[in-house]
Amino acid sequence: GVGISIMDDFPREVMGVVIRDIQIHKPRGSIDSTAMVRHFQVDAMLPDARYPIIIQPLPLGVDRRNLPESTPGSIDRKDCYWLKNDEKPVPIFESSCSYVPQSNMVWVPRIDVSISPMKLQLDVDYLLRVVGMIIHSVSKHIGTNNTATSHASNKLKYTTRNQMSALLTYVEKLNISPVWFEIEMNIKSDDRNREEEVEESDLTLNAIARSTTSPVAAGVISWVINVGANFAHVSPSFKYKGVKQTDRYCDILDLFTELAISYIIQTIKQSYKVIFSMSLLGDPKLLAHQYKTGVTDLVLKSRDEFLSGGKDGVGKGATSFLQNVIGGTFFAVGKVAGGVADTIDSVTSNEMTSNHLKPKSLANADKPEHVVDGVIQGTTFLGQTVAHGFAGLIGNPYRGAKTGGVTGLAKGVASGTTGLFVAPFVGALGFIAKSTDGIGSTTKYLDLGVIEARCRPARTIPWGKPMAQNGLPFLKAIGVRIHTVRYQRIRKRVNRKQLNDKTERDDEDWQASKEYKRIRAAEDRRKCPPRKIVSIIHNKEKQHFLSSSVRPKLLEGHPGNLVISHYALTFEDTIILRSADFQLQDEVAINVWNTKMLKSATTKTKPLAVCKLTVGDIYASIFNYYKQQLSEKESRLSTIFAKNSEDLFSQNTEDANQNKRNKSIIIPPPQEFAMFRPGKDSKSPRKTNLEAIGEELASIKKDMDDFLNDFDSESSETDSDSSFLGGEKEKEESIGSVIKANEKLASSISLSFFPIPW
């Protein structure tokens, strides 16, 4: 395949383009040829990107045609757990044609083209940044041409179409399959990480507005762009009919031009979908399609289930009706409420509005997972919006007076008063949007969807060094094989004679005592401990991937006053860790639980043992395995080349090497990791809205003190040297004491990692 990476001056990777599994096949002596592209994807590699995937094919299933044998013949593929998920998807592009060259033309008996449906998620502001960065980079390497215009008086030379050598082609059959594109476009700037932006491109919409010479015009244009962006969040779906033509005799360029014009005309005819897919209107076209699908499935699928007697399951029609009609209605209400809230906020916001305490816009905020999460997010949004209104009533006049004097003070008072007035309405609309989104997500809570992921994590680029080679070109998911878990328990051995030193009791009385029952129950638990389960969780997804439950096996026990019981758990389970946003610094936690403990788990329940790794640690292990696979492929290619040579080895030696190679196989290497008991959580006090408003006042006071301190050199020097002169120092704890207080070795776990490329 082909991979293209784009990085900025920070340096960091901004965009990645991947074209995978390109195949062109033409048998010798045949007029038929085939071409195929398995996968095409464009990723936004920044971790704060609104849409991590810009262009990707829609999932159509697994391609099971002509599966190559990737294991030696003596090894069963079912035993190779690392190959069970190596299933390739349906190609996004397939073309087969046959041609017969003639003296004056090209004879094409057949052309078949198949294109997979594509999904496009376009963040216009992000794309303009990338385009501006590319133009700025290219302009550095293009020199200006200052040559004299000595050839200005020469005659112009141009070539007409008749003078061009036309490539006449006779096409007997042309067949292009239907195709459709699902597009989601948003021109509103992403405010999720605005304070961390290093450099802004000159091509972004806000930068274009600020480039005007008049400050008033710049403010008006920026305000219009921010308000209009709420209307430009659209998600149309364009469908194009298939093309079937026969007996075409023309120039090949004319044929391509005719096809392009036909697709342009179909796009113009479907332009109404852009208006009826506006998020501010609740995407009525999608809602109508969901109503149609839900009602149709309720009637037809319920009828089929009734006639079949429920052999293939029941409730599919009702589930579709619940997800499409009920869930679609709540999603539409949430889109309308969120769009109106963002529009009102954009209308009442200006350059004096502070981002402190301001919640994320509803278009950029994360969607709730269920109804409880929706109510919590809605309540938080309502509280932050009201608090931001009160803070603006104090902060906006100060910022206006600081920048514009008396006029700015008046504008700040008007802006703060307006913000305080509309804050409850915006917060209430946000609460409605979050709550309805949560209800809609609940209807699809049990729906098994496809996790869309980047082709690989973004690479780390050291400062001042060129971009290093890409280790793993494709890493859609991480396969984790759980082999074994080993741990030990220490219990005091209770001696019966020590209990009966002063009193004599019969055996019946001793066996009926509570102490005997407690000791007997402890011994039973030692010999038959509760079943254990392993869960793996990614810190961004907050979802546990569970293994099967296994009962520990007692290995040995040592006599004496202390009983050390060694246990081992053999899982041999594979967990596929998928995430929409894998980054090398992300944390992956591997937990061991009692099965009953996990079933009744709450936010306060802690696992028995924890092992925390980063995606970078797992990536390093997978990369070593990938390098071994590459070396194996290189050896196979060299063997094939040596087989075609005439003076290397004899035929008997080649057969022996072939048999030896067939018996070799590369497996992911198991690794041993230590697991610790979970430490105590450090509780940080939560800040109320009143405290946040106090912070706003404190920041204003600090700005005023800094302004006054600029005229006082003694105070500034004193402040700068306070730490040197022996001020109060924070008490530092040693690393050993922290580890001893928070972590204790509990067990060890054996894992192996392997890549999931598709």
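Treat the numbers as computed from the prediction; the structure is a model and nothing was measured.

Calculation rules
- Residues numbered from 1 in each chain as written.
- Predicted model: local features only at pLDDT ≥ 70, side-chain atom pairs only at ≥ 80, totals over all residues.
- Heavy atoms only, no water.
- Helix = DSSP H or I, 4+ residues; strand = E, 2+ residues; numbered from the N terminus.
- Buried < 20%, exposed > 50% of the residue type's maximum accessible area, 1.4 Å probe, protein only.
- Contact = heavy atoms within 4.5 Å.
- Areas by Shrake-Rupley, 256 points an atom, 1.4 Å probe, with all protein chains shown as cover.
- Lys, Arg positive; Asp, Glu negative; His and termini not counted.
- Salt bridge = Lys/Arg side-chain N within 4 Å of Asp/Glu carboxyl O.
- Axes fitted to C-alpha atoms, helices over the stretch in contact; angles between N-to-C directions.
- Parallel < 35°, antiparallel > 145°, perpendicular 65-115°, else oblique.
- Left-handed = near helix turned anticlockwise from the far one by under 90°.
- Nonpolar A, V, L, I, M, F, W, Y, C, P; charged D, E, K, R; others polar.
- Polar contact = N/O pair within 3.5 Å; in protein donor to acceptor, adjacent residues only side chain to side chain.
- pLDDT = per-residue confidence, 0-100.
- Phe/Tyr/Trp six-rings, centres within 6.5 Å; stacked < 30°, edge-to-face > 60°.
- Lys NZ or Arg CZ within 6 Å of the ring centre and 35° of its normal.
- Core = buried A, V, L, I, M, F, W, Y, C linked by side-chain atoms within 4.5 Å.
- Pairing = 2+ DSSP bridges.
- Patch = residues over 30% accessible without salt bridge, like charges linked within 9 Å, V, L, I, M, F, W, Y side chains within 5 Å.
- Expected span 1.5 Å × (residues − 1).
- Arc of directions from axis to C-beta.

(A) Spatial organisation of the overall build of the chain. When helices and strands are tallied, the chain shows 17 helices and 20 strands. The 758 residues of the chain split such that 35% are buried. Counting only contacts in the chain whose residues sit at least 6 apart along the sequence, the fraction spanning at least 24 positions is 76%. Accessible area for the chain stands at about 47,400 Å²; split by element, carbon and sulfur atoms hold 59% of it.

(B) Spatial organisation of the side chain of Lys 434. Positionally, Lys 434 belongs in helix 8 (residues 371-443). Here Lys 434 sits buried without a salt bridge, and the closest side chain of opposite charge, Asp 437, lies 6.0 Å off (N-O distance). With near-sequence residues (within four places) excluded, Lys 434 lies in contact with Leu 362, Ala 365, Asp 366, Pro 368, Gly 374, Gln 377 and Gly 378.

(C) Representation of the packing of helix 6 (residues 284-308) against helix 7 (residues 316-348) within the structure. Packing of helix 6 against helix 7 leaves a shortest axis separation of 6 Å and a crossing angle of 165 degrees. Judged by the angle between their axes, helix 6 and helix 7 are roughly antiparallel. When you trace helix 6 past helix 7, the crossing you get is left-handed. Of the residues in helix 7, those touching helix 6 at Leu 286, Leu 287, Gln 290, Tyr 291, Thr 293, Gly 294, Val 295, Asp 297, Leu 298, Lys 301, Ser 302 and Glu 305 are Lys 316, Gly 317, Ala 318, Ser 320, Phe 321, Asn 324, Val 325, Gly 328, Thr 329, Ala 332 and Lys 335. Across the contact of helix 6 with helix 7, the residue classes break down as nine nonpolar, nine polar and five charged.

(D) Up close: the environment of Phe 331. Looking at the element boundaries, Phe 331 is found in helix 7. Through-space distance from the C-alpha of Phe 331 to that of Leu 287 is 8.9 Å; in sequence the pair is 44 residues apart. Aside from chain neighbours lying at most four places away, what touches Phe 331 is Asp 437, Gly 440, Ser 441 and Lys 444.

(E) Focus on the side chain of Ser 535. Looking at where Ser 535 falls in the secondary structure, it is placed in strand 13 (residues 532-538). A polar side-chain atom of Ser 535 sits 3.2 Å from a polar atom in the side chain of His 544. If we skip the residues at most four places from it in the chain, Ser 535 touches His 544, Phe 545, Leu 546, Ala 589, Ile 590, Asn 591 and Trp 593.

(F) Molecular detail of unusual backbone geometry. Despite not being glycine, Asp 247 has its phi angle at roughly 50 degrees, a positive value. Among the secondary structure elements, Asp 247 is positioned in strand 11 (residues 243-251). A positive phi angle is found at Asp 283, which is not glycine, with a value near 50 degrees. Residue placement: Asp 283 occurs in the loop between helix 5 (272-275) and helix 6. The exposure class of Asp 283 is buried, given its relative accessible area of 2%.

(G) Quick peek at the confidence of the model for the chain. When pLDDT is averaged along the chain, the result is 76, and 70% of the positions lie at 70 or above. Per-residue pLDDT, averaged within each element of the chain, yields its smallest value for helix 16 (residues 713-720) (41) and its largest for strand 10 (residues 237-240) (92). Note on residues 192-199: pLDDT under 50 across the span, and twelve contacts to partners over four residues away in sequence or across chains. Counting contacts from residues 498-505, a segment whose pLDDT is below 50, to residues more than four positions away or on other chains yields six contacts.

(H) Representation of the packing of aromatic side chains within the structure. Under the defined criterion, the tally for this structure stands at seven aromatic pairs. Centroid distance Phe 673 to Phe 753: 6.0 Å. Interplanar angle 65 degrees. Geometry classified as edge-to-face. With a gap of 80 residues between them, Phe 673 in strand 19 (residues 671-676) and Phe 753 in strand 20 (residues 745-756) connect regions that are remote in the sequence. Here the aromatic residues Tyr 81, Trp 82 and Phe 754 are joined through ring pairs into a cluster of three or more. Directly above the ring of Phe 474 sits Arg 20, whose terminal nitrogen or CZ lies 3.7 Å from the centroid. If you follow Arg 481 out to its NZ or CZ, it ends over the ring of Tyr 81, 4.3 Å from the centre.

(I) Quick peek at the nonpolar core. Counting residues in hydrophobic clusters, the biggest one holds 34 residues, and the most contacted among them are Ile 478 and Ile 749. Of all the secondary structure elements, the ones that give two or more residues to this core are strand 12 (477-492), strand 13, strand 16 (562-577), strand 17 (587-594), strand 18 (609-614), helix 13 (615-644), strand 19 and strand 20. Once you skip the residues sitting within four places of it in the chain, Ile 478 turns out to touch Ile 575, Ile 576, Leu 577, Phe 582, Val 615, Ile 618, Ile 622, Phe 754 and Ile 756.

(J) Seen up close, the pattern of salt bridges. Inspection of the entire model under this criterion finds 15 salt bridges. In this structure, Arg 248 and Glu 258 form a salt bridge, with 3.1 Å as the shortest nitrogen-oxygen distance. Placement of the pair is Arg 248 in strand 11 and Glu 258 in helix 4 (residues 252-269), with a sequence separation of ten residues. You can call Arg 248 partly exposed: its relative accessible area is 22%. Glu 258 gets classed as partly exposed once you look at its relative accessible area, which sits at 38%. The salt bridge partner of Asp 304 is Arg 303, with a shortest N-O separation of 3.4 Å. The exposure class of Asp 304 is partly exposed, given its relative accessible area of 41%. Each of the salt bridges in this network shares a partner with another, and the network as a whole consists of Asp 21, Arg 38, Asp 63 and Lys 88.

(K) Spatial organisation of the pairing of strand 1 (residues 2-7). As paired strands, strand 1 and strand 2 (residues 13-25) are joined by six bridges and run antiparallel to one another. The residue bridging Gly 3 from the neighbouring strand is Val 18, located in strand 2.

(L) Seen up close, a nonpolar patch on the surface. On the surface, a nonpolar cluster with roughly 520 Å² of combined accessible area is contributed by Val 333, Val 371, Val 372, Val 375, Ile 376, Phe 431 and Ile 432. Take the nonpolar patch: its biggest share by element is six residues, from helix 8. Locating Val 333 in the fold gives a position in helix 7.

(M) Quick look at the packing of helix 7 against helix 8. Two numbers describe how helix 7 lies on helix 8: the axes approach to 8 Å, and their chain directions differ by 165 degrees. The orientation of helix 7 with respect to helix 8, classified from their angle, is roughly antiparallel. In terms of crossing hand, the pair formed by helix 7 and helix 8 is left-handed. The residue makeup of the contact of helix 7 with helix 8, split by class, is 14 nonpolar, twelve polar and two charged.

(N) Looking closely at helix 4. In this model, helix 4 (18 residues) spans 26 Å end to end at C-alpha, consistent with the 26 Å of a helix rising 1.5 Å per residue. Along helix 4, the positions that sit buried rather than exposed are Ile 252, Leu 255, Leu 259 and Gln 266. Seen from one end, helix 4 has its buried residues packed into an arc of 60 degrees, which puts them on one side. Looking at helix 4, the residues exposed on the side facing more than 90 degrees away from the buried face are Ile 264 and Ile 268.

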